[in-house]
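Remarks on the overall topology
Residues per chain are reported as follows:
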Amino acid sequence: MIFLTRRATFSASHYYWNPAWSEEKNEQVFGRCANRNGHGHNYTLEVTVAGEPDSVTGFVVDLKWLKNVIEREVLAAWDHRHLNLEVPEFAAIIPTTENIAIDAWRRLEPSVIQAGGAQLSRVRVYETPEIFAEYRGEA
Amino acid sequence: MIAYFGRRYTLCASHRLHTNALTVEENRATYGKCNNPHGHGHNYVVEVLVAGAVDPETGMVVNMAALDEVVRARVVERFDHTNLNLDPLFANRVPTTENLSSVVFALLKDALPVGKLERVRVEETENNFFECVE
């Protein structure tokens, strides 16, 4: 089994806020991330697929294809956007790095399944070089 | 839904790779420059990966501020700007980065505010790193 990873970057703004909580509790739990004017990051997205190399091409998947899938399914929706205000899935869930990784998986998986062959193995999202979250499709 | 939260910390420390179980010549042959008597140092990066359910109220596996508090108190404060060889945990253990990753894993395993310690990775330089799992 070979694991192949493609990296992409996007820039977006967000804030952390649970509307069920008081202002004080939001500020206590989320700290500076609760500033409702938002703030932003240069995110790095790493998408890993797993499979056997094709006997003819030697590819697990064509990297150009994977690049296009990432751009079409994820970057087109998120890059240079305010995640809370402009991305429908984050209207109801908080765009933490964990939830961003889970949602990137949801956006990418149908295209990977449709292509056949390789499986989506891991999505990792770096919010900064020191902070990241990953999702491996586990319930 | 299970996800993983990762956080990287930096600590600067010195060490010397040397064991009394080997002769002077054997130490020199085994550890090379790392056996120099006065030691040397690294900017270590400690990467902590926590597994757990994403809390529906916070969207988080673990609150980063709470994780930082634990890792800083138990690992960074303990080892940053110190000589690893002098720490009691390395009294009978060579402070290789393999052993450092395993010591860090043990220091954090039962101390996390929430979730399970999935992996500790220690980067000694940009070109070498070591990972410890359960």
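Residues numbered from 1 in each chain as written. Chains lettered and ligands numbered in written order. Predicted model: local features only at pLDDT ≥ 70, side-chain atom pairs only at ≥ 80, totals over all residues.

A short note on unusual backbone geometry
Spelled out, the test is: Working definition: helices are DSSP H or I runs of at least four residues, strands are E runs of at least two. Numbering for both runs from the N terminus. Buried means a residue has 20 or more other C-beta atoms within 10 Å of its own C-beta, exposed means 12 or fewer, and partly exposed covers the counts in between; C-beta atoms are placed from the backbone.
Backbone geometry at His80(A) places phi at a positive 60°, although glycine is not the residue there. Note that His80(A) resides in the loop between α2 (63-78) and β3 (81-82). The class of His80(A) is exposed, set by 11 C-beta atoms lying within 10 Å. The phi torsion at His81(B) lies on the positive side, around 55°, for a residue other than glycine.

Structural notes on the nonpolar core
Threshold: Nonpolar core, as used here: buried Ala, Val, Leu, Ile, Met, Phe, Trp, Tyr and Cys residues forming one set through C-beta atoms within 7 Å. What counts as a contact here is a pair of residues whose C-beta atoms, placed from the backbone, lie within 7 Å.
In this structure, Ala101(A), Ala104(A), Leu108(A), Val125(A) and Val50(B) are the most contacted members of the largest nonpolar core, which totals 56 residues. In terms of residue count, helix α4 (residues 97-115) of chain A provides more of this core than any other element does, seven residues in total. Ala101(A) has contacts with Val123(A), Arg124(A), Val125(A), Ala133(A), Glu134(A), Tyr135(A) and Ala3(B), leaving out every residue within four places of it along the chain.

What about the interface of chain B and chain A?
To keep things clear, this is the line we draw: Following the grouping adopted for this structure description, the nonpolar residues are Ala, Val, Leu, Ile, Met, Phe, Trp, Tyr, Cys and Pro, the charged ones are Asp, Glu, Lys and Arg, and the polar ones are all others, Gly among them. Strands are treated as partners if at least two bridges between them are detected by DSSP.
On the side of chain A, 18 residues touch chain B, which itself brings 17 residues to the contact. Every element with two or more residues in the side of chain B that touches chain A is listed here: β1 (2-15) and α2 (64-79) of chain B. Looking at which element gives the most residues to the side of chain B that touches chain A, the answer is β1(B), with seven residues. Residue composition of the side of chain B that touches chain A, by class: 10 nonpolar, four polar and three charged. Where strand β5 (residues 131-135) of chain A meets β1(B), four bridges bridge the pair, whose relative direction is antiparallel. Considered in β1(B), the bridge of Phe132(A) is made with Gly6(B).

So, the confidence of the model for chain B
We apply this condition: Values of pLDDT, the confidence the predictor places in each residue, fall between 0 and 100.
Averaged over all residues, the pLDDT of chain B equals 97, while 100% of them reach at least 70. We note a pTM of 0.92 for the whole complex and an ipTM of 0.90 for its interfaces.

Side note on the packing of α2(B) against helix α3 (residues 97-109) of chain B
Residue and element names in this part refer to chain B. Basically, it comes down to this: Angles shown run from 0 to 180 degrees and are taken between the N-to-C directions of axes, each axis being a line fitted to C-alpha atoms and, for helices, limited to the stretch in contact. Relative orientations are named as follows: roughly parallel for angles under 35 degrees, roughly antiparallel for angles over 145 degrees, roughly perpendicular for angles from 65 to 115 degrees, and oblique for any other angle. For any pair of crossing helices, the crossing counts as left-handed if the nearer helix is rotated counterclockwise from the farther one by less than a right angle, and right-handed if it is rotated clockwise.
Running from N to C, α2 and α3 point in directions that differ by 130°, and their axes come no closer than 10 Å. In terms of their interaxial angle, α2 and α3 are classed as oblique. Here α2 and α3 pass one another in a crossing that is right-handed. In this structure, α2 contributes Val 70, Val 71, Arg 74 and Val 75 to the contact, and α3 contributes Val 104, Leu 107 and Leu 108. Here the contact of α2 with α3 is built from residues that sort into six nonpolar, no polar and one charged.

Looking at the environment of Glu24(A)
All names here are of chain A. Within the fold, Glu 24 resides in helix α1 (residues 23-30). Residue classification places Glu 24 among the exposed residues on the basis of 8 C-beta atoms within 10 Å. Placed 16 residues apart in sequence, Glu 24 and Ala 8 show a C-alpha to C-alpha distance of 36 Å.

A word on α4(A)
The test is simple: The span expected for a helix works out to 1.5 Å for each residue beyond the first. The angle between axes fitted to the seven-residue stretch ending at a residue and the seven-residue stretch beginning at it gives the bend at that residue.
The end-to-end C-alpha distance of α4(A) is 27 Å, a good match for the 27 Å that 19 residues give at a rise of 1.5 Å each. The axis of α4(A) is deflected most strongly, by about 35°, at Leu108(A), and proline Pro110(A) appears within four residues downstream. Listing the buried residues of α4(A) in full gives Thr97(A), Glu98(A), Asn99(A), Ile100(A), Ala101(A), Ile102(A), Asp103(A), Ala104(A), Trp105(A), Leu108(A) and Val112(A). Summarising the contacts, the buried residues of α4(A) are in contact with β2 (39-51), α2, β4 (119-128) and β5 of chain A together with β1 of chain B. Immediately downstream of α4(A), the backbone of Gly116(A) shows phi near 75°, a positive value.

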